[in-house]
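# Architecture and fold: a report
In case you want the letters, here they are:
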Amino acid sequence: MNRIIRSALAALSRQDVDLKNNYEQARQFQKVTRPYVKSVVCNMMERVLHLEGRDILLRAFSHNGKVAPIMIFFHGGGFVTGDFDSYSNVCANLSKATGRKIISVDYRLAPEHKFPAGPEDCYAAAQEIMAHCGDWYQADPDDVILIGDSAGATLSCVVSMMARDRGGKLPAKQILVYPAAWCDFTDGTPYRSVIENGSEYLLTQKQLIDYMELYASGPEDYENPYFAPLRHTDFTGLPETLL
């Protein structure tokens, strides 16, 4: 890594944010620093899923407005931050780069809606999209890809596990961009990289701990493979995966 960039990251990391008490400010900061700038021509269309006890908003991004296979996108943000607007640039560019229609899912966030609200929203949305994508998007339900980054990648993996375990429809493939697949980021973690890289690279060890504590409903969640996919012991029957 460039020494200047590394020094800048280290300096920014010293101002470690107390996420547990300032998660709303963190959300607002993302909105301000990641505005949707329509630098890429992209058609957008929204749809509301009316599910039991809640509504889920979907936003479709289509680079050229033509019929295309779809990707279902779950945004990152530690299960606590991130939203449609802060990831709209990502989705618009992803549609241009892949030639696919990107369907972004506005799942509920912690701590207002703790685990398992987020994964259940994403699973329900994915099942509805795959069941109706022929009517809604003129797309093949057997050619659906799940994709997400960070917490969104974790949710993609969990949605596939839920589909396999519950007998739901599986996506054709999944793309997991640096998933948060484990749950223990304390000094007792089995992954030494958490300690070795936990203080000078912007996302700190303390912030990771805060994210998980905001997300969890209770200590028992830390043993749940839908909370931390690496808790699972069976990875058979899952879609073809790019990690």
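Going by the structure above, here's the rest.
Conventions and cut-offs
Residues numbered from 1 in each chain as written. Predicted model: local features only at pLDDT ≥ 70, side-chain atom pairs only at ≥ 80, totals over all residues. Heavy atoms only, no water. Helix = DSSP H or I, 4+ residues; strand = E, 2+ residues; numbered from the N terminus. Rg over C-alpha atoms; globule rule 2.2 N^0.38 Å. Buried < 20%, exposed > 50% of the residue type's maximum accessible area, 1.4 Å probe, protein only. Contact = heavy atoms within 4.5 Å. Areas by Shrake-Rupley, 256 points an atom, 1.4 Å probe, with all protein chains shown as cover. Phe/Tyr/Trp six-rings, centres within 6.5 Å; stacked < 30°, edge-to-face > 60°. Lys NZ or Arg CZ within 6 Å of the ring centre and 35° of its normal. Polar contact = N/O pair within 3.5 Å; in protein donor to acceptor, adjacent residues only side chain to side chain. Pairing = 2+ DSSP bridges. Core = buried A, V, L, I, M, F, W, Y, C linked by side-chain atoms within 4.5 Å. Axes fitted to C-alpha atoms, helices over the stretch in contact; angles between N-to-C directions. Parallel < 35°, antiparallel > 145°, perpendicular 65-115°, else oblique. Left-handed = near helix turned anticlockwise from the far one by under 90°.

### Overview of the overall build of the protein chain
In terms of helices and strands, the protein chain carries 7 helices and 7 strands. Walking the protein chain from its N terminus toward its C terminus, one meets helices and strands in the order α-α-β-β-β-α-β-α-β-α-β-α-α-β. Relative to the 2.2 N^0.38 estimate, which gives 18 Å for 243 residues, the radius of gyration of the protein chain is 18 Å and therefore close to what a compact globule would have. Along the three orthogonal principal directions, the C-alpha set of the protein chain runs to about 50 × 40 × 35 Å. Buried positions account for 49% of the 243 residues belonging to the protein chain. Pairs at least 24 residues apart make up 74% of the contacts formed inside the protein chain by residues separated by at least 6 positions. For the protein chain, the exposed surface amounts to about 12000 Å²; the carbon and sulfur share of it is 53%.

### Some remarks on the packing of aromatic side chains
Counted by the stated rule, this structure contains 8 aromatic pairs. Ring geometry for Tyr215 against Phe227: centres 5.0 Å apart, planes inclined by 15 degrees, an arrangement best described as stacked. Residue Tyr215 is located in helix H7 (residues 205–215), and its partner Phe227 is located in the loop between H7 and strand E7 (240–242); the two are separated by 12 residues in the primary sequence. Assigned by exposure class, Tyr215 and Phe227 land together as buried. Plain terms: the ring middles of Tyr222 and Phe227 are 5.1 Å apart, the flat faces sit at 50 degrees to each other, and that makes the pair tilted. Judged by relative accessible area, which is 1%, Phe227 ranks as buried. The cationic tip of Arg47 hangs over the ring face of Tyr137; the distance from NZ or CZ to the ring centre is 5.9 Å.

### Looking at the side chain of Ser95
Secondary-structure assignment places Ser95 in helix H3 (residues 88–98). Among the polar contacts listed, one links the side chain of Ser95 to the backbone oxygen of Arg100, at a separation of 2.8 Å. Residues in contact with Ser95, not counting those within four places in the same chain, are Phe61, Ser62, His63, Arg100 and Ile102.

### Concerning the pairing of strand E2 (residues 54–62)
Across the 9 residues that make up E2, a large majority, 7, are buried. As defined by bridge partners, strand E1 (residues 43–51) adjoins E2 across 9 bridges and the pair is classed as antiparallel. Looking at the pairing, Arg47 lines up with Leu58 of E2. Of the strand pairs in this sheet, E2 and strand E4 (residues 101–106) are connected by 5 bridges, and their pairing is antiparallel.

### Looking at unusual backbone geometry
With an omega dihedral of 5 degrees, the bond running from Ala110 to Pro111 counts as a cis peptide bond. Mapped onto the elements of the fold, Pro111 is located in the loop between E4 and helix H4 (117–137). With an omega of 10 degrees, the peptide bond running from Phe115 to Pro116 counts as cis. Along the chain, Pro116 falls in the loop between E4 and H4.

### Re the environment of Phe61
Within the secondary structure layout, Phe61 lies in strand E2. In the structure, Phe61 is positioned 40 residues away from Asn21 in sequence and 34 Å away in space, judged by C-alpha atoms. Residues contacting Phe61, with those up to four places away along its chain left out, are Cys42, Asn43, Met44, Ser88, Cys91, Ala92, Ser95, Arg100, Lys101, Ile102 and Ser104.

### Structural notes on the nonpolar core
Counting residues in each nonpolar core, the largest one holds 53 residues, and the members touching the most others are Leu58, Phe74, Ile129 and Tyr137. Listed by contribution, the elements that provide at least two residues to this core are helix H2 (19–33), E2, strand E3 (70–74), E4, H4, helix H5 (151–166) and H7. Discounting residues that sit within four places of it in the chain, Ile129 has contacts with Leu58, Ile70, Ile72, Ile103, Val105, Trp136 and Tyr137. In this structure, Phe73, Leu94, Ile145 and Ile147 belong to the second largest nonpolar core, which totals 12 residues.

### Thoughts on the packing of H4 against H5
Their axes nearest at 9 Å, the elements H4 and H5 cross at an angle of 65 degrees. By the angle class used here, H4 and H5 are roughly perpendicular. Between H4 and H5 the crossing geometry is right-handed. Along its contact with H4, which presents Gly118, Pro119, Glu120, Cys122, Tyr123, Ala126 and Gln127, the element H5 presents Leu155, Val158, Val159, Met162, Ala163 and Arg166.

### Description of the sheet that holds E3
Overall, mixed pairing links the 7 strands, which are arranged E1-E2-E4-E3-E5-E6-E7 in an open sheet. Single-partner strands in this sheet number two, and they are E1 and E7. Shown here is a sheet whose adjacent strand axes are inclined to one another by a mean of 20 degrees, direction ignored. In terms of strand pairing, E3 meets strand E5 (residues 145–149) through 4 bridges, oriented parallel.

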